[in-house]
Amino acid sequence: MPKKKFKINDKFFEENHIDKECKFIYSFLYTKGFEKTVFHFNIGDIQQEYPITNVGFRKNLKILEQFKLLVYNEYKGGRYEIHIY
């Protein structure tokens, strides 16, 4: 089985009206879920790297969902099921 190539949507990163925090979160989630389509994520994993609250994280996930880059579902406080496309 051939390995999946690391490919991120360049059009998303060229957008100037999207803040750097949202771009960082997408790249962090993409690397965390690399070679997976569905993975479970805890907010504490990103809080070790970047200071963010659960509300701010959810706001950025909504922005990423509008760009059709991922679909998320919060099933417990701070725990997410994420589908990356």
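As a starting point, this report considers the structure included with it. (Residues numbered from 1 in each chain as written. Predicted model: local features only at pLDDT ≥ 70, side-chain atom pairs only at ≥ 80, totals over all residues. Heavy atoms only, no water.)

As a further point, take the overall build of the protein chain. Within the protein chain, the regular secondary structure consists of 4 helices and 3 strands. Going residue by residue from the N terminus, the α and β elements of the protein chain occur as α-α-β-α-α-β-β. The proportion of buried residues among the 85 residues of the protein chain is 34%. Within the protein chain, residue pairs in contact and separated by at least 24 positions form 48% of the contacts whose partners lie at least 6 positions apart. For the protein chain, the exposed area adds up to about 5900 Å²; of that, 51% sits on carbon and sulfur atoms. (Helix = DSSP H or I, 4+ residues; strand = E, 2+ residues; numbered from the N terminus. Buried < 20%, exposed > 50% of the residue type's maximum accessible area, 1.4 Å probe, protein only. Contact = heavy atoms within 4.5 Å. Areas by Shrake-Rupley, 256 points an atom, 1.4 Å probe, with all protein chains shown as cover.)

Moving on to helix α4 (residues 54–66). Between its terminal C-alpha atoms α4 stretches 19 Å, which fits the 18 Å expected from 13 residues at 1.5 Å a residue. Looking at α4, one finds that the buried residues are N54, G56, F57, N60, L61 and L64. Seen along its axis, α4 keeps its buried residues to an arc of 160°; they face one direction. Exposed positions of α4 whose direction lies more than 90 degrees from the buried face are V55 and Q66. The first or second residue beyond α4 is K68, which carries a positive phi of 60°. (Expected span 1.5 Å × (residues − 1). Arc of directions from axis to C-beta.)

A few words now on the environment of F13. Relative to the helices and strands, F13 resides in helix α1 (residues 10–14). Here the alpha-carbon distance between F13 and Y26, two residues 13 residues apart in the chain, equals 9.9 Å.

A few words on the pattern of salt bridges. Across all of its chains, the model carries 1 salt bridge by this definition. Between R58 and E74 there is a salt bridge, and its shortest N-O distance comes to 3.0 Å. With R58 in helix α4 and E74 in strand β2 (residues 70–76), the pair connects residues that are 16 residues apart, well separated along the chain. (Salt bridge = Lys/Arg side-chain N within 4 Å of Asp/Glu carboxyl O.)

Everything listed here is a matter of geometry and, on its own, says nothing about what the molecule does.
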